[in-house]
Amino acid sequence: MPPSLCLIVSFFILFFISPPCFSDSLFTSDQQALISFKSQIDDPKLSLSSWGSHNPVTNWTGVSISNRTGRVVVLNLAGRSLFGPIPTVLCNLSSLQMLILSSNSFVGPIPQCLAQLRLLRTLDLSKNARLQGPIPTWIGNFSAVLSKLDLSYNAFLGEIPYTIFQMSSLIYLDLSNNQLVGNIQEFKSSLNYLNLGLNQLDGSVPCFSQSVKFLSFLNLAANALSGGIPTCISSLKLLKELNLSSNGLQYRISPRFILSNRVEILDLSSNRLCGPIPGSLVQNPDNSQLILLDLSRNQLTGEIPFELTNLRNLQALSLSNNKISGEIPPSIGNLTYLQLLDLSFNLLTGSVVVGLAGCFQLSHLNLGHNLLTGEIRPELDALDGLRVLDLSSNQIWGEIPLPLAGCKSLEVVDLSGNNLTGELSGAILKWQNLRAISLAGNRLSGILPDWIFSFENLQWIDLSNNNFSGFIPDGNFNVSLKLNGFTGSVNVVTVSVDLAKGRRLDLGYSIDPVVGIDISHNELRGAIPTGLLGFKGLEYLNLSYNHLDGQIPVGFDKMARLRKLDFSHNGLTGQVPHGLSEIKGLEVLDLSYNSLSGPVPQGDQLRRFPGAFAGNPRLCLAGCAAAEAKLPEEGDTGVGGHFGGNEGKGFLSVGAFWISAVTSFYVSLVTLLCSSKARGYIFRSTRPEF
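All figures in this text were calculated on a predicted structure; none of them were measured in a lab. (Residues numbered from 1 in each chain as written. Predicted model: local features only at pLDDT ≥ 70, side-chain atom pairs only at ≥ 80, totals over all residues. Heavy atoms only, no water.)

### So, the overall build of the chain
Moving on, step 1. Per the secondary structure count, the chain includes seven helices and 45 strands.
Moving on, step 2. Buried positions account for 50% of the 690 residues belonging to the chain.
Moving on, step 3. The long-range fraction of contacts in the chain, counting pairs at least 24 apart against all pairs at least 6 apart in sequence, stands at 51%.
Moving on, step 4. Just so you have it, the chain exposes about 32,000 Å², and 54% of that area is on carbon and sulfur atoms. (Helix = DSSP H or I, 4+ residues; strand = E, 2+ residues; numbered from the N terminus. Buried < 20%, exposed > 50% of the residue type's maximum accessible area, 1.4 Å probe, protein only. Contact = heavy atoms within 4.5 Å. Areas by Shrake-Rupley, 256 points an atom, 1.4 Å probe, with all protein chains shown as cover.)

Structure (structure tokens):
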């Protein structure tokens, strides 16, 4: 082999085959920068414990090294619970291409020196909450290759720097959940993903003309945008998600606003849009990929277009809180994938259509607050996966149909504010997952069944403003149910909508988190059952406007979570239990208009409710300190208490009491026996009352 050829081969072997010989100085500088970074932040979970001389740098958490140069090219410390200002020593990692510090607790501004990282392709500082200050101007021009910028869920304020709008390399931009102001300009980048939601941006919606062939995700929700929805948005042919909700958008939705069949989510809710709903929101409804359509909380009028029922892939449809009139289209049953239907707070008329039974995957059905009439259709029992049924505040009449018990998955039932009649059927017991039920404001009658409080997951029950009679059940109290200890602050029945690429969107129906019982405004009588005191988690109890009698049970001091208690407008007797004064969190107390007597327990707790004892003429509100000291304790017979003890210090002496009592007895007996009318009343036969 010629010497020249040997030299070439040797050079090839040394340069391309032999392992690279990294510069110790370069490698050491990156390593030292990381060690310095570690020393300048708080690491409570010791997430960076692998960083040190005991471990090769290639094994350090979140660190990636270039095989070619040996330099640090990726630093990914997402979700490591790190705290403190971002150390400027990171600026020494001059070969860094990806910096991810998301989901930590970094504070303060973005260090100016990060502008030195000119090879950076990804900068993700999202979800630190306390990163703040204006977004620096240099962030839009420090790197010619920056393609992903995520500063979401922080406290940045001011306007979006003009340099970001001028960038040409940007593909992914997320500045959502900050305090940014100003207008949204046209971007020079061909964006694929743009999220500016939950800021304070104003002005009109741009056309994003530079991203016509690329933009697939656009979220401008929860800002202060105004004007109409530009029809040029329809030219975004690859758009899959469009969210313009919670702005100040107005005017009619143009009939030329027709999106491509690729769109999966269209959310225009919580604006001031008016006029009718266009019949065609997508190019070809039969081939549309639309999964969620939300036009709720606007000022839309007219009828529900029948074309909407051709969106065969639709899983969630919300048109609530508008001024939509007419009837529910019978073809609604074509939406066989529908899981959530919310048409509440409109002006819909007609009946609850039978076609709804065709939506056999329905989980949430909310038709409340309309003008619907007719009976509840028994065909709805086909919806065996139904979890939420809200038909409240309509003009529905008739009885609760027995077949409705076939909806065994029901968790929330709200039929309040209608004209329902009849009695409660035991078929309701099949709703074993029941968490909240309201039948208030109807004309239901009969006795309250023994099983009414026996549902294991029950949190709220409202049977007020009906014609129920008889006694409050004093048996079958399931003290293990949610009334006995629900502690959630947010209570939502969720439904998950499946999106492309395995993603899921959770939608929910909120339940009042208060744990309570309301059976006020009925015809109930008898005593308050002591079993109610077994619900230790109870926060709200309203038994007002009935015909209850007897004494208020002892033991309310054990109901530490009780916030509102209303026993007003009944016939309760006896004293106000001392235990009521020991409920520290009580916010509302009303015992007015009963026949209570004796002194009101002293203490600052009950003094906060000056009107709580009105209409009880035998109740002593003030000046009864001496009398209260002599009152028997709860459960005491009174011997040696009210009348016993040292003579002369009670209300009456023992001798005077017995003389008065014996005299009154004989006078009364003689008077009664001498009256034929009185004798007939006293000795007449009695029969039990049910």
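The structure having been displayed, the exposition proceeds.
### Here's the deal with the state of the cysteines
Moving on, step 1. Scanning all chains against the criterion turns up two disulfides.
Moving on, step 2. What pairs with Cys91 in a disulfide is Cys113, and their sulfur atoms sit 1.8 Å apart. Where Cys91 bonds to Cys113 through sulfur, the torsion about that S-S bond is close to 60°, and the disulfide is right-handed. Taken together, the residues Cys91 in the loop between β3 (83-85) and β4 (98-100) and Cys113 in the loop between β5 (105-108) and β6 (122-124) connect sequence positions 22 residues apart. Across the pair, exposure class does not vary: Cys91 and Cys113 are buried alike.
Moving on, step 3. Each disulfide pairs two cysteine sulfurs, and for Cys207 the partner residue is Cys232, the sulfurs being separated by 2.0 Å. Residues Cys207 and Cys232 are joined through a disulfide that is left-handed, its torsion about the S-S bond being -85°. Residue Cys207 is found in the loop between β13 (200-203) and β14 (217-219), and its partner Cys232 is found in the loop between β15 (224-225) and β16 (241-243); the two are separated by 25 residues along the sequence.
Moving on, step 4. On the basis of relative accessible area, Cys207 is assigned to the partly exposed category, the value being 26%. (Disulfide = S-S within 2.5 Å.)

### Section: the packing of aromatic side chains
Moving on, step 1. One pass over the structure, following the stated rule, counts ten aromatic pairs.
Moving on, step 2. Where Phe165 meets Phe187, the ring centres are 4.8 Å apart and the plane angle is 50°; that geometry is what we call tilted. Of this pair, Phe165 sits in helix α3 (residues 162-166) while Phe187 sits in the loop between β11 (179-183) and β12 (193-195), placing them 22 residues apart in sequence.
Moving on, step 3. The class for Phe187 is buried, based on a relative accessible area of 4%.
Moving on, step 4. Ring centres of Phe453 and Phe535 lie 6.3 Å apart, and the angle between their planes is 65°; on these two criteria the pair is classed as edge-to-face. Of the two residues, Phe453 is situated in the loop between β32 (445-447) and β33 (460-462) and Phe535 in the loop between β38 (523-526) and β39 (540-542); the sequence distance between them amounts to 82 residues. By the burial criterion, Phe453 is buried, and Phe535 matches it. (Phe/Tyr/Trp six-rings, centres within 6.5 Å; stacked < 30°, edge-to-face > 60°.)

### Observations concerning the sheet that holds strand β34 (residues 467-471)
Moving on, step 1. Spatial ordering of the open sheet is given by β32-β34-β38-β40, a layout of four strands whose pairing is parallel. The open sheet is flanked by β32 and β40 (547-548), the only strands paired with a single partner.
Moving on, step 2. Pairing of β32 with β34 involves three bridges; the strand directions are parallel. Bridge pairing in β34 links Ser445 to Asn467. (Pairing = 2+ DSSP bridges.)

### Points about unusual backbone geometry
Moving on, step 1. At Ser81, a position not held by glycine, the phi torsion is positive, near 60°.
Moving on, step 2. Of note, Ser81 is situated in the loop between β2 (72-76) and β3.
Moving on, step 3. Among the residues examined, Ser81 registers a relative accessible area of 25% and is labelled partly exposed.
Moving on, step 4. The backbone phi angle of Leu198 is positive, close to 55°, even though this residue is not glycine.
Moving on, step 5. Here Leu198 shows up in the loop between β12 and β13.
Moving on, step 6. Judged by relative accessible area, which is 45%, Leu198 ranks as partly exposed.

### A few points about the nonpolar core
Moving on, step 1. Within the largest apolar cluster, 166 residues are counted, with the highest numbers of intra-cluster contacts made by Phe208 and Phe556.
Moving on, step 2. Counting residues per element, the ones that place at least two in this core are α2 (24-39), β1 (63-65), β2 and α3.
Moving on, step 3. In terms of residue count, α2 provides more of this core than any other element does, three residues in total.
Moving on, step 4. Setting aside its immediate chain neighbours within four residues, Phe556 contacts Leu533, Leu541, Leu562, Leu565, Phe567, Gly579, Leu580 and Ile583. (Core = buried A, V, L, I, M, F, W, Y, C linked by side-chain atoms within 4.5 Å.)

### Digging into the side chain of Ser581
Moving on, step 1. As for its position among the elements, Ser581 is in the loop between β42 (573-574) and β43 (588-590).
Moving on, step 2. Polar side-chain contacts of Ser581 include one of 2.6 Å to the backbone oxygen of His578.
Moving on, step 3. Sequence-distant contacts of Ser581, that is, excluding residues within four places in its chain, are made with Pro601, Gln602, Gln605 and Leu606. (Polar contact = N/O pair within 3.5 Å; in protein donor to acceptor, adjacent residues only side chain to side chain.)

### Topic: the pairing of β13
Moving on, step 1. As paired strands, β11 and β13 are joined by three bridges and run parallel to one another. What sits directly across from Gly182, in β13, is Leu201.
Moving on, step 2. Where β13 meets β15, two bridges bridge the pair, whose relative direction is parallel. Note that in β15 the partner of Gly203 across the bridge is Leu225.

### Some remarks on the sheet that holds strand β19 (residues 272-276)
Moving on, step 1. One open sheet accounts for three strands, arranged β17-β19-β21; its pairing is parallel. Of all the strands in the sheet, the pair left with one neighbour each is β17 (250-252) and β21 (299-301). The mean inter-strand angle of the sheet, taken between neighbouring strand axes irrespective of direction, is 10°.
Moving on, step 2. In the sheet, β19 pairs with β21 via three bridges, with the strands oriented parallel. Counterpart to Pro276 in the pairing with β21 is Thr301. (Axes fitted to C-alpha atoms, helices over the stretch in contact; angles between N-to-C directions.)

### Here's the deal with the confidence of the model for the chain
In regions of low pLDDT, the predicted coordinates are not meant to be interpreted in detail.
Moving on, step 1. Per-residue confidence for the chain averages 85 on the pLDDT scale, and 83% of its residues sit at or above 70.
Moving on, step 2. The low-confidence segment residues 3-27 (pLDDT under 50) makes 13 contacts with residues lying over four places distant or belonging to another chain.
Moving on, step 3. Contacts of residues 484-490 to residues separated by more than four positions or lying in other chains number 15 contacts, the stretch itself having pLDDT below 50. (pLDDT = per-residue confidence, 0-100.)

### Remarks on the pattern of salt bridges
Moving on, step 1. Using the criterion set out here, one finds five salt bridges in the structure.
Moving on, step 2. Taking the shortest distance from any N to any O, the salt bridge between Arg387 and Glu411 comes out at 2.8 Å. Of the two residues, Arg387 is situated in the loop between β26 (364-366) and β27 (388-390) and Glu411 in the loop between β28 (397-398) and β29 (412-414); the sequence distance between them amounts to 24 residues.
Moving on, step 3. On the accessibility criterion, Arg387 (23% relative accessible area) is partly exposed. (Salt bridge = Lys/Arg side-chain N within 4 Å of Asp/Glu carboxyl O.)

### Comments concerning the environment of Thr231
Moving on, step 1. Mapped onto the elements, Thr231 comes out in the loop between β15 and β16.
Moving on, step 2. Expressed as a C-alpha distance, the spacing of Thr231 and Phe257, which sit 26 residues apart in the sequence, is 4.9 Å.
Moving on, step 3. In contact with Thr231, other than residues within four places in its own chain, are Ser254, Arg256 and Phe257.

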